[in-house]
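Architecture and fold: a report
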Protein chains: 2
Amino acid sequence: MNNPKSKIQNPKSIIGQRIPKLDAPDKVTGRMTYGHDVTLPGMLHGRILYSRYPHARVLNIDTSRAGQLPGVKGVLTAADNPPTKFGYGKDNTPFKRDNVRSLRDEIAGVVATDPDIAEEALALIEVEYEPLPPVFTVTDALTPGAPLIHPERKSNLFNSFDYNHGDLETGEAESEVVVEASYRLPYVNAAAMETSVVVAQFDHRGHLTMWSVTQIPFLLQRDLSEALGIPGSQIRIIQTAIGGAFGRGLDIYPFEPIAALMSRKTGKPVRLAFSRHEEFTAGPARQPAQVTIRAGADKNGKLTFRDVSMVLDIGAYVSWGSVTPLVMMETAASLYEVPHVHFKADCVYTNNPVTGAVRGYGNPQSTFFTETIMDRLAEALRMDQAQFRILNSNRPNTETPQGLIITSCGLKECLETVAAAADKGSADGAGGVGGIPPLSPRHTLGMKPNKGGSIGAPGQESNGTSTERLGSRQLTMDNDKVKRGIGFASTLNVGGGARIYRSDGCGATVKMDDFGHVTLITGSSEIGQGSETVLAQIVADVLGVQVSDITVLNSDTDVKPWDVGVHASRTTFIAGNAAHIAAKEARAQLFETAAEILGVEPDQLIARNGKIEVIADKATEDNPKSKIQNPKSISLGKVARSRHFREGGQVIIGEGWYDPPTKLVDKDTYKGNISATYGFGSQMAEVEVDTETGIVRVLRLACANDVGRAINPMAVEGQIEGGAQMGLGYALTEELIVKDGQVLNPDFRLYRLFTAADMPKIETFLIETDDPEGPFGAKGVCEMGGTPTAAAIANAIYDAVGIRMTELPMTPERILAALDKKQKESA
Amino acid sequence: MNNPKSKIQNPKSIIGQRIPKLDAPDKVTGRMTYGHDVTLPGMLHGRILYSRYPHARVLNIDTSRAGQLPGVKGVLTAADNPPTKFGYGKDNTPFKRDNVRSLRDEIAGVVATDPDIAEEALALIEVEYEPLPPVFTVTDALTPGAPLIHPERKSNLFNSFDYNHGDLETGEAESEVVVEASYRLPYVNAAAMETSVVVAQFDHRGHLTMWSVTQIPFLLQRDLSEALGIPGSQIRIIQTAIGGAFGRGLDIYPFEPIAALMSRKTGKPVRLAFSRHEEFTAGPARQPAQVTIRAGADKNGKLTFRDVSMVLDIGAYVSWGSVTPLVMMETAASLYEVPHVHFKADCVYTNNPVTGAVRGYGNPQSTFFTETIMDRLAEALRMDQAQFRILNSNRPNTETPQGLIITSCGLKECLETVAAAADKGSADGAGGVGGIPPLSPRHTLGMKPNKGGSIGAPGQESNGTSTERLGSRQLTMDNDKVKRGIGFASTLNVGGGARIYRSDGCGATVKMDDFGHVTLITGSSEIGQGSETVLAQIVADVLGVQVSDITVLNSDTDVKPWDVGVHASRTTFIAGNAAHIAAKEARAQLFETAAEILGVEPDQLIARNGKIEVIADKATEDNPKSKIQNPKSISLGKVARSRHFREGGQVIIGEGWYDPPTKLVDKDTYKGNISATYGFGSQMAEVEVDTETGIVRVLRLACANDVGRAINPMAVEGQIEGGAQMGLGYALTEELIVKDGQVLNPDFRLYRLFTAADMPKIETFLIETDDPEGPFGAKGVCEMGGTPTAAAIANAIYDAVGIRMTELPMTPERILAALDKKQKESA
């Protein structure tokens with residue numbers, strides 16, 4: 001998008017360049033040091049013994065045999081716990097003392113010279129249990145007289161959210177059509193390639209250093225302080241290279257204080273690393289939910305109301321899973337313009353696995369039910385799906401009834417773009433499947449909305465030419481049995497931070513050495529999202545250098561300034577603004593000295609190509625301050641040295657701090673502008689449904705996103721594609737199957753991720769709206785790639801075969817069951 | 001010293017506390033990571049082949065057999081050199097190409113999987129030489145027609161210094177007495193416990209990271225850039241824990257670029273570590289010199305003139321050894337008030353080992369000849385030694401003819417203190433020897449100087465009671481043969497930095513986390529001197545915390561702000577001021593927020609005991625801004641969090657930069673105020689000389705030093721004692737014996753350091769003069785402990801047995817020879 005408001009002064013700006021991630025070479029050559037690679041002198045290894053029962057009283061633990069195994073250096077139980085509780089609900093302890101509440105409850109830990117010895121020792125620990133009646137469903141948990149997971153709380157209901165704007169009755173009265181549906185949403189694991197790992201070490205002062213895969217180093221400092229009962233001032237967090245996080249690292253979990261306790265008990269550094277099995281069973285999952293949504297629209301196709309109620313299973317201990325309703329209500333209340341909204345959510349304890357944050361943080365769930373309901377409304381109105389959404393689209397410079405202040409907004413353009421992509425088909429064969437021709441034209445945008453706007457009915461057969469083009473991976477299929485369809489969905493996501501804590505800030509320091517090399521010390525963290533690269537681009541643009549001239553330091557709480565952590569797609573926006581401020585301060589120092597040397601005013605200068613250049617020549621020759629005869633430019637290193645190597649000299653160092661102009665939502669009404677800007681996106685999925693096998697193949701996924709400005713289009717596309725990969729899994733394959741509190745598929749054979757070979761062609765379209773608050777106009781994009789995917793696919797499945805899927809993932813079994821049910825109903 | 005001008009506002013200040021070094025526990029428990037401990041994945045090991053001849057043409061190098069040895073990964077020669085030269089004189093290259101000029105000239109290098117394999121491969125390298133006539137003395141080197149070490153220079157004279165103030169003829173005419181002597185000063189090795197070591201690694205960008213024991217990380221960045229021909233912006237220096245430096249690390253030496261070349265050639269990280277033998281033969285030595293000094297005093301005992309000329313052997317390549325005359329002339333021109341001074345020094349190339357900086361940097365040499373000449377003058381005047389020095393002492397708030405601006409100055413007090421110590425004797429038995437009673441009173445201070453002021457003549461016998469008290473280590477000796485004497489010497493040393501480079505600055509960042517933990521990122525380096533602890537005390541005092549609440553980061557050029565390096569006793573003063581500035585900025589932020597919370601003005605607040613306290617209660621109750629009912633204090637963490645966790649919040653971070661108000665000396669006259677303040681000290685040595693064996697035993701060493709203010713008296717005493725240990729070695733035992741360009745004693749068996757068991761009792765007296773520019777009044781002390789020691793001992797030897805020693809070290813052989821000569825002369 002050609003934007004005349006662009007803030008860029010630099011004609012060959014590094015902003016907007018496709019620059020490979022700075023850490024890519026080290027990652028692909030194996031030189032990167034991940035947590036599993038951290039080895040300290042004398043380091044020991046820890047393993048954890050988990051409960052045998054989902055709910056039981058622990059009568060006795062005998063660790064004597066385990067302690068005698070050669071190589072075992074320590075055995076820990078709840079007797080080693082500090083007296084404090086920790087976690088979002090202050091309901092957790094490192095080891096469990098009297099009661100266990102889930103099969104991932106930590107009973108004991110062994111520290112040994114070798115992880116295998118520690119594992120062997122676990123088997124020697126004898127635990128005597130008295131099983132208690134378990135609760136595995138939210139319905140059971142809320143039944144009066146149900147066994148209490150935390151008896152001191154008197155109820156298994158942890159918390160409730162109740163949000164309102166407008167008036168539902170008014171909304172319903174204004175409605176021409178009303179639709180309603182109920183949904184069941186599954187457990188999903190973040191499934192990072194690297195399992196959770198931590199190395200803990202105490203120094204002679206009793207200060208703890210923890211090498212960690214956390215996403216919230218500064219908050220973990222606080223959380224560990226609570227969990228261990230030592231001052232936060234005595235805790236240093238060093239983030240290792242992180243092999244995937246996706247929300248897993250947004251809270252403290254018992255293994256982290258356990259590692260610290262192991263280190264303190266043995267007096268040695270201790271590495272505690274999850275197996276893949278543990279990663280699935282003891283890692284935090286996207287929480288399952290039962291949702292009912294009702295929504296209406298008036299005769300003009302304008303939305304009238306939404307009414308959402310849900311119950312979430314948060315498991316045996318509270319983590320950030322219990323706060324996802326805040327995000328879900330944002331989609332329900334503010335995605336598209338809806339005058340009347342009610343949203344209610346209850347978070348309920350069970351004896352199931354603990355839940356937490358996973359990328360999108362409630363939004364994949366809420367977008368799934370909201371956007372499939374949008375589809376039903378359009379259908380009921382007999383409106384074109386894209387047109388209906390455009391009509392109701394959020395608009396720039398508006399405020400939603402929830403109090404979200406929408407500044408830049410490209411939702412309409414996103415919808416137009418994916419609708420056009422649907423009409424055009426995929427021309428090239430570069431994707432996971434061959435070039436896909438369009439179905440017959442389905443959208444005639446620009447026409448006025450009317451009930452006849454929908455062209456083409458659900459269940460249209462795919463044309464006969466498509467299968468020939470799909471390449472060798474194409475299953476042979478009977479075209480009569482394989483139906484094609486397209487579906488749309490949009491997403492609204494915070495794009496300018498999210499004030500969940502009182503501070504949403506981030507600090508940055510930019511220093512330039514005597515040779516023009518720049519160090520950016522940023523509070524933010526690199527967790528694979530490419531933040532180092534984007535932040536380096538921002539600083540490089542301001543200072544007129546290349547990203548290779550910049551070293552980004554971002555891993556050590558003792559070195560870097562504060563940051564709230566990596567969540568809510570906030571790093572480019574928040575840390576980017578902080579880096580921008582610091583870089584501009586450093587540049588002002590460079591300009592001051594360069595102006596003095598060159599005999600010009602600072603505002604005549606520009607930083608580019610490693611030099612400070614004069615952009616206007618006037619007055620240089622006559623200026624008595626000029627030390628050099630009519631110069632045109634001077635290298636950055638020379639400016640830095642000139643400023644520095646003299647009596648009363650100074651070095652180049654700029655400080656930046658950015659906390660966005662946002663508010664905490666009101667604690668009663670949940671209203672308020674939580675983010676400084678909002679990202680938008682739309683996806684168009686084209687699918688084939690094999691009615692005989694139930695297999696859904698996604699042929700194309702067109703993703704258009706309002707990214708404000710793409711500082712690094714390649715990185716943005718990577719974020720969107722990565723998000724889509726998780727969205728595809730959420731839609732079609734990923735489910736942590738939990739039965740009686742037990743995870744039945746804790747490995748990658750049974751828990752099916754979308755692999756590179758499974759991926760459809762992803763078409764990404766970056767809509768640049770030049771956000772007024774974002775650094776160079778950028779806003780956050782991390783989560784948007786995956787949030788609308790399941791809804792778009794579900795809508796495409798309906799388009800293909802006429803079934804409305806309300807349960808995820810949409811497995812062949814579930815597709816076949818729905819087709820069967822539909823056939824029976826129509827029979 | 002009770003100082004009414006003290007700047008300290010904090011009644012229980014941490015300034016002046018005896019706090020153990022922060023890194024001591026890690027050092028004594030072996031947890032510290034020294035350069036020899038740095039191990040990187042895939043790391044290889046390098047070894048260097050040195051020349052077989054001190055001067056030769058290299059005809060051929062055959063590395064083929066070495067390259068075939070299993071485990072060898074690369075063999076390098078001058079063919080691998082970049083085209084540039086490096087070093088202070090730009091006369092050095094990593095490997096030597098055509099000519100070798102000393103036995104430490106690097107011919108080739110081997111990289112292997114193991115240092116022993118690399119060593120074995122060195123023996124397989126065949127080098128064909130054509131020997132050239134060598135030059136081993138400065139006299140030979142300056143003889144017309146002498147072989148030229150660097151033929152392109154046309155002369156072996158590298159540089160000359162010629163300094164004048166006043167007029168020698170006038171001075172001589174005003175003199176009542178004139179004395180003259182010539183001196184021969186030896187090679188001395190820094191003899192750090194840790195040998196030189198470096199680990200070099202290139203990343204995928206071609207950027208070099210070097211783990212190094214350097215003292216000048218930022219200058220090494222520049223030096224390596226020159227030596228390797230890569231931009232300085234691509235070089236990162238990480239200082240490891242440093243096991244002794246003492247000036248060794250003030251320049252680049254060939255092993256450093258060689259390690260980088262080895263890494264680049266093999267594509268692997270390479271560790272290159274010196275053996276002890278190499279440390280002695282290839283490390284930079286304190287340069288030998290031949291000195292002649294004439295000096296006079298008038299009939300009132302006032303100094304009239306000094307005339308010094310010297311020739312220094314700088315070896316085959318120039319390093320900072322060639323700049324030590326700058327410091328030597330400072331002693332000659334400005335220690336005591338001398339109206340007429342001439343100083344001349346020539347630095348000469350030879351085929352001897354390379355020389356460099358060693359602690360004191362010229363000052364032990366110049367103090368030795370200046371203060372033994374002072375002794376001769378006092379003797380000639382028949383004045384009391386201490387009284388004569390006090391009479392001529394530098395005074396506060398004066399400017400020397402050299403342009404040194406003396407602000408605080410406690411030289412007189414230092415002299416009075418050691419004179420009193422001489423009179424009093426040592427009362428306790430805590431030192432290396434038992435309590436030493438005083439000789440008969442020697443000093444009656446306060447009396448007017450007169451020629452009869454000297455009490456007691458040279459050669460006084462020790463009294464008979466002393467030997468009984470000297471404990472079990474006392475040799476049996478005939479008291480007739482063992483003579484006791486005392487001697488004095490003083491020192492002048494830069495104490496407020498030294499503007500050798502155009503910048504003498506240092507940067508600091510102080511950040512406080514949410515829990516009151518403080519990180520100080522300082523440009524300065526810890527090389528064992530205790531700077532971390534002193535800087536932590538400065539910051540702790542300002543912020544009202546304990547040193548255990550502070551983490552000092554100081555090892556990584558990418559993290560820390562610029563600093564010129566560790567030399568010239570500058571860290572406490574320069575880095576201390578920078579840290580002080582940064583801490584005060586951070587405190588101002590704390591006060592701003594605390595004032596707002598407490599409803600008072602910032603100037604009513606004080607930071608102490610981890611809290612911000614109100615020091616005046618007025619107006620708090622009525623203040624509408626007050627949020628807390630008449631509070632008395634608030635914890636630092638709470639203030640930090642309050643400032644931070646709110647909309648528009650900020651974190652606590654202060655930046656400091658300090659470059660002292662000094663000047664580069666004039667390049668022609670060598671005049672100018674090089675340091676922002678000057679340290680002074682005096683020592684009194686009491687010795688026994690065994691006239692039969694020539695053995696000199698130092699019984700006591702009383703050291704009084706004007707330290708401005710002792711921020712950590714224990715650390716200051718440690719510095720003085722450590723300096724004295726080197727001074728004792730310089731006086732009595734340490735000499736690198738070089739014959740025909742070869743070091744004959746390259747190990748600790750033959751090169752004799754003063755060990756703990758050898759040390760005499762050291763009495764330290766800290767004279768606090770509250771320097772107006774120093775942080776909390778402090779000035780630098782690092783080098784002063786060792787500079788006057790040799791002179792004090794030589795003067796004591798004269799006092800004991802009447803011989804004037806002019807050659808160091810004063811070994812038994814030299815003592816016996818001098819006694820023999822004296823006996824023959826008197827016979």
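Structural data are supplied above this passage.
Everything in this summary refers to the structure shown in the same document. Small disclaimer: the values here were computed from a predicted structure and weren't measured.

Helices and strands together make up the secondary structure of chain A, namely 18 helices and 32 strands. A compact globule built from 827 residues should have a C-alpha radius of gyration of about 28 Å, and chain A, at 28 Å, falls within 12% of that. On the principal axes, the C-alpha backbone points of chain A span a range of 95 × 80 × 55 Å. Classification of the 827 residues of chain A by burial places 65% in the buried group. For chain A, the share of sequence-separated contacts (at least 6 apart) that also reach a separation of at least 24 residues comes to 80%. Of note, chain A has its 84 positive side-chain charges centred 2 Å away from the centre of its 99 negative side-chain charges.

Turning to the packing of aromatic side chains, a few remarks are in order. What the rule picks out here adds up to 28 aromatic pairs over all chains. Centre to centre, the rings of A:Trp320 and A:Tyr501 are 5.7 Å apart; their planes meet at 65°, and the pair counts as edge-to-face. Within this pair, whereas A:Trp320 is found in the loop between strand E16 (303-315) and helix H9 (324-334), its partner A:Tyr501 is found in the loop between strand E20 (482-494) and strand E21 (506-512), the two being separated by 181 residues in sequence. This pair shows no difference in class: A:Trp320 is buried, exactly as A:Tyr501 is. Summarising the aromatic geometry, the rings of B:Phe161 and B:Tyr670 are spaced 5.5 Å apart at their centres and angled 40° between planes, so their arrangement reads as tilted. Note that B:Phe161 is positioned in strand E7 (residues 157-165) and B:Tyr670 in the loop between strand E27 (652-658) and strand E28 (678-690), a separation of 509 residues in sequence. Since its relative accessible area comes to 7%, B:Phe161 is described here as buried. Take B:Tyr670: its relative accessible area is 13%, and that puts it in the buried class. Put simply, the rings of A:Tyr88, A:Phe158, A:Trp320, A:Tyr349 and A:Tyr501 pair up and form one aromatic cluster. Positioned over the ring face of A:Tyr730 is A:Arg286, at 5.2 Å from the centre of the ring.

Turning to the relation of the copies chain A and chain B, a few remarks are in order. When chain A is fitted to chain B, the best match, at an RMSD of 0.0 Å, comes from turning it 180° and sliding it 0.0 Å along the axis. The transformation relating the two chain copies, once decomposed into turn and shift, fits a two-fold axis. Nearest to the rotation axis, the C-alpha of A:Val559 is located 3.7 Å from it, this being the minimum over chain A. Of the interface residues in chain A, 100% have counterparts in chain B that sit at the interface too, so the contact is made through matching surfaces.

A few words now on the environment of A:Gly718. Residues and elements named next belong to chain A. Inspection of the secondary structure assignment puts Gly718 in helix H16 (residues 713-732). Of the residues examined, Gly718 reaches a relative accessible area of 37% and is grouped as partly exposed. Between the C-alpha atom of Gly718 and that of Cys782, which follows or precedes it by 64 residues, the distance is 9.2 Å.

Glancing now at the sheet that holds strand E4 (residues 99-100) of chain A. Residue and element names in this part refer to chain A. Taken in spatial order, the three strands line up as E4-E2-E6 in an open sheet, and their pairing is antiparallel. Pairing within the sheet leaves two strands with one partner each, and these edge strands are E4 and strand E6 (126-131). Bridging between strand E2 (residues 56-62) and E6 involves six bridges; their strand directions are antiparallel. When the bridges of E6 are listed, Ala56 appears paired with Pro131.

Our focus in this paragraph is the packing of helix H13 (residues 531-543) of chain B against helix H14 (residues 571-598) of chain B. Residues and elements named next belong to chain B. At their nearest, the axes of H13 and H14 sit 8 Å apart, and the two run at 30° to each other. Regarding the angle of H13 to H14, the classification is roughly parallel. Like other packed secondary-structure pairs, H13 and H14 cross with a definite hand, here right-handed. Of the residues in H14, those touching H13 at Ser531, Val534, Leu535, Ile538, Val539, Val542 and Leu543 are Thr571, Thr572, Ala575, Gly576, Ala579, His580, Ala583, Lys584, Ala586, Arg587 and Leu590. Classifying every residue of the contact of H13 with H14 gives 11 nonpolar, five polar and two charged.

A separate point is the pairing of strand E32 (residues 761-767) of chain A. Residues and elements named next belong to chain A. Of all seven residues that make up E32, five are buried, and the element is covered over most of its length. As judged from the seven bridges shared by strand E29 (residues 696-706) and E32, these two strands associate in the parallel manner. Residue pairing in the sheet places Ala702 in a bridge with Glu763 of E32.

For the rest of this paragraph, the subject is the nonpolar core. All names here are of chain A. Counting 125 residues, the largest nonpolar core has Ile793, Ile797 and Met810 as its most contacted members. Ranked by residues supplied to this core, first place goes to helix H17 (residues 789-801) with nine residues. Those residues in contact with Ile793 that sit more than four places away from it in its chain are Ala685, Val687, Val696, Val698, Leu728, Ala731, Leu732 and Met810.

A few words now on the interface of chain A and chain B. Every contact between the two is made by 53 residues of chain A and, on the other side, 53 residues of chain B. Buried surface at the junction of chain A and chain B, both sides included, amounts to about 4,300 Å², of which 53% is carbon and sulfur. Our count for the contact surface shared by chain A and chain B stands at two salt bridges. Salt-bridge contacts for B:Glu647 lead to A:Lys663; the nearest nitrogen and oxygen are separated by 3.6 Å.

Hydrogen bonds along the backbone pair up the strands of a sheet, which may run parallel or antiparallel. Residue and element names in this part refer to chain A. The sheet built from seven strands is open, its strands ordered E3-E5-E1-E13-E10-E11-E12 with mixed pairing. A single partner strand is all that each edge strand has here, and the edge strands are strand E3 (72-77) and strand E12 (235-239). Here the average twist between neighbouring strands, direction ignored, is 20°. Pairing between strand E10 (residues 197-202) and strand E11 (residues 208-212): five bridges, direction antiparallel. Counterpart to Gln201 in the pairing with E11 is Thr209. This element, helix H3 (residues 115-122), spans strand E1 (44-50), E3 and strand E5 (106-112) of the sheet and lies at about 30° to E1. In the packing of helix H6 (residues 217-228) onto the sheet, contacts are made with E11 and E12, and the angle to E12 comes to roughly 135°.

We now examine unusual backbone geometry. Along the chain, A:Leu808 connects to A:Pro809 via a cis peptide bond; the corresponding omega equals -10°. Located in the positive-phi region is B:Ala191, a residue other than glycine, with phi close to 55°. Within the fold, B:Ala191 resides in the loop between strand E9 (188-189) and strand E10 (197-202). At B:Tyr361, a residue that is not glycine, the phi angle is positive and equals roughly 50°.

Our next topic: the packing of helix H10 (residues 363-381) of chain B against helix H17 (residues 789-801) of chain B. Residues and elements named next belong to chain B. Put simply, H10 and H17 touch, their axes get as near as 8 Å, and they point 35° apart. Two packed elements cross with a definite hand, and for H10 against H17 that hand is right-handed. Residues Thr367, Phe368, Glu371, Thr372, Asp375 and Glu379 of H10 form the contact with H17, whose participating residues are Ala790, Ala791, Ala794, Asn795 and Tyr798. Looking at the contact of H10 with H17 residue by residue, the classes come out as five nonpolar, three polar and three charged.

Each value, and the rule that gives it
Residues numbered from 1 in each chain as written. Chains lettered and ligands numbered in written order. Predicted model: local features only at pLDDT ≥ 70, side-chain atom pairs only at ≥ 80, totals over all residues. Heavy atoms only, no water. Helix = DSSP H or I, 4+ residues; strand = E, 2+ residues; numbered from the N terminus. Rg over C-alpha atoms; globule rule 2.2 N^0.38 Å. Buried < 20%, exposed > 50% of the residue type's maximum accessible area, 1.4 Å probe, protein only. Contact = heavy atoms within 4.5 Å. Lys, Arg positive; Asp, Glu negative; His and termini not counted. Charge placed at Lys NZ, Arg CZ, Asp CG, Glu CD. Phe/Tyr/Trp six-rings, centres within 6.5 Å; stacked < 30°, edge-to-face > 60°. Lys NZ or Arg CZ within 6 Å of the ring centre and 35° of its normal. Least-squares fit on C-alpha atoms with pLDDT ≥ 70 in both. Pairing = 2+ DSSP bridges. Axes fitted to C-alpha atoms, helices over the stretch in contact; angles between N-to-C directions. Parallel < 35°, antiparallel > 145°, perpendicular 65-115°, else oblique. Left-handed = near helix turned anticlockwise from the far one by under 90°. Nonpolar A, V, L, I, M, F, W, Y, C, P; charged D, E, K, R; others polar. Core = buried A, V, L, I, M, F, W, Y, C linked by side-chain atoms within 4.5 Å. Buried area = accessible area lost by both parts, 1.4 Å probe. Salt bridge = Lys/Arg side-chain N within 4 Å of Asp/Glu carboxyl O.

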